[in-house]
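Structural overview
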Amino acid sequence: MKIRRLANEERPSTSWRLQEYAFERSPMPPEQAAKLREYLPYHEGNVTLVVQDGAETLAAVSMIPMRQNVRGTVHTMAGVSGVVSHPLARRQGHIRTLLTQLLGELRDEGYAVSALYPFRPSFYGRFGYAALPHPRTVSFSPADLGGWLRADLPGELRWQRIRDGYDTHRGFTERLLASRHGFSLLPDYRDVQRREDDKRWIVSARHDGEVVGAVTYTIDGHGGTLHADDLLTVSPLGRALLLQFFARHVDQVARISTVVAPDETPELWSTDLATHTESRLSFPSSVAPMARLLSLDALHGLSTAPGRVRVDIVDDPFVAGSYLLDGADGRLEVTRGSGSGSAATSASPPTATLTAAGISALAYGVLDPDELPLRGFGTVPREAAAELRALFPRAVPYLFSDF
Ligand SMILES: CC(C)(COP(=O)(O)OP(=O)(O)OC[C@H]1O[C@@H](n2cnc3c(N)ncnc32)[C@H](O)[C@@H]1OP(=O)(O)O)[C@@H](O)C(=O)NCCC(=O)NCCS
């Protein structure tokens, strides 16, 4: 049995065979299978490791080279996908071996963080991933937005097919990548599939020559639903312009649904707006993302409140070790090893013992230090919890990219 990295053109006959079986309606009709090669350009930069026994592929894991904002800094992110094993080779440890090797190689290549959409969170919890919040889907009647029809808003709208408006949307998501915690972006070669498929409308809102909001969407028929993807805005005006656009569909669709960040409050968007907001999880197909640090270097230089703590990270092949986290100067300094840092601050700091999922949950802002022991993510004495809380205040990551 051997483990190797695939060349792009090998995918259809190896990893994609397993993926078709696991994730598609199967068996796949031969004519559909024959067309798969057309999708190879959208995978050209992905890294895939497979376990092979002779000509038979037993398991595969893939990584999409992405970028992600973690507390204001944009990092290289390994977007893990295509995790699959042969139905006759499951529960033999192949995925554990492959994923451990892949993440180790990527960490050595400089990837600071990794994220994925799990089929079951407990599976990836064993690999150090922490759960992130699920985006919300909000739906409402366009009739409830009637007030916006009469509003005299500055700015303008542009309405296009995605093939024409793709660059606007991509440019706007680049801007959000730079500013929004948790936001992640696919590489160009993959993202461009949305332009080439041309299956969506895009409406963008501009003010003073700048894009302040954009959303892509489809409509399923007259009297039906306008299904919007993520409602992306950088200002209340951007959102108001997009809501005004939705309001103009009052005689065309019965409902509008759109995806919003986990900390969004659609019930406050407008007076007399009856919203239904939900975040429905079910396994394996409707899942919230997970993420982890592959290196604590990702935390270095973070803008933070003063705090000083030692963390001993255990049970992890990538980040295990002892680290001093010092935010004395408003910037987090991460020092590996058991020393106590600069002479000026040589007093022994409190120490927490954390799993990789525990430190990742703090870095992404999704758990309070007091929750970590309750969830089996470490031991956090009260003094260490106070320091960790100062360094890693709660935050709401919004992953955005679906992959
Ligand atoms: C999920 C899947 C990839 C697991 O592959 P596998 O080859 O059985 O995985 P491994 O044998 O390497 O198991 C890795 C670990 O996960 C555990 N595990 C396996 N299936 C699990 C499950 N359904 N839930 C929780 N843990 C599970 C194993 O016990 C093992 O733990 P250990 O190493 O601590 O002993 C495989 O069942 C599959 O292809 N399923 C269909 C496709 C799919 O859902 N892929 C995941 C997409 S995110």
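Definitions and cut-offs
- Residues numbered from 1 in each chain as written.
- Predicted model: local features only at pLDDT ≥ 70, side-chain atom pairs only at ≥ 80, totals over all residues.
- Heavy atoms only, no water.
- Salt bridge = Lys/Arg side-chain N within 4 Å of Asp/Glu carboxyl O.
- Helix = DSSP H or I, 4+ residues; strand = E, 2+ residues; numbered from the N terminus.
- Buried < 20%, exposed > 50% of the residue type's maximum accessible area, 1.4 Å probe, protein only.
- Phe/Tyr/Trp six-rings, centres within 6.5 Å; stacked < 30°, edge-to-face > 60°.
- Lys NZ or Arg CZ within 6 Å of the ring centre and 35° of its normal.
- Near = heavy atom within 4 Å.
- Polar contact = N/O pair within 3.5 Å; in protein donor to acceptor, adjacent residues only side chain to side chain.
- Nonpolar A, V, L, I, M, F, W, Y, C, P; charged D, E, K, R; others polar.

Turning our eyes to something else, we now look at the pattern of salt bridges. Evaluation of the coordinates by the stated rule reveals 22 salt bridges. Close ionic contact of Glu109 with Arg5 constitutes a salt bridge, the shortest N to O distance being 2.7 Å. Of the two residues, Glu109 is situated in the loop between α3 (94-108) and β5 (113-116) and Arg5 in strand β1 (residues 2-5); the sequence distance between them amounts to 104 residues. For Arg5, a relative accessible area of 36% corresponds to the partly exposed category. Salt bridges linked by common partners bring Arg161, Arg163, Asp164 and Asp198 together as one network.

Time to look at the packing of aromatic side chains. Each aromatic ring pair is described using two quantities: the centre-to-centre distance and the angle formed by the ring planes. Under the counting rule described, the total for this entry stands at 15 aromatic pairs. Between Phe140 and Phe246, the ring centres sit 6.5 Å apart and the planes meet at 55 degrees, which makes this aromatic pair tilted. Remark: Phe246 occurs in helix α9 (residues 236-247) and Phe140 occurs in strand β7 (residues 136-140); sequence separation between them is 106 residues. Of the residues examined, Phe140 reaches a relative accessible area of 0% and is grouped as buried. Phe246 sits in the buried class, given a relative accessible area of 0%. Members of the aromatic cluster, connected to one another through ring pairs, are Phe119, Phe123, Tyr124, Phe127 and Tyr129. A cation sits over an aromatic face here: Arg96 above Phe127, 4.6 Å from the ring centre. The cationic tip of Arg161 hangs over the ring face of Trp201; the distance from NZ or CZ to the ring centre is 5.7 Å.

What follows covers the site of the ligand. Close to the ligand lie 19 residues; Val83, Arg91, Gly93, Arg96 and Arg126 are nearest. Gln92 places a main-chain nitrogen or oxygen 3.3 Å from an oxygen atom of the ligand. Arg96 places a polar side-chain atom, nitrogen or oxygen, 2.4 Å from an oxygen atom of the ligand. Sorting the residues of the shell around the ligand by element identifies α1 (15-23), β4 (73-85), α3 and α4 (121-125) as the ones contributing at least two each. Within the shell around the ligand, the residues separate by chemical class into nine nonpolar, five polar and five charged.

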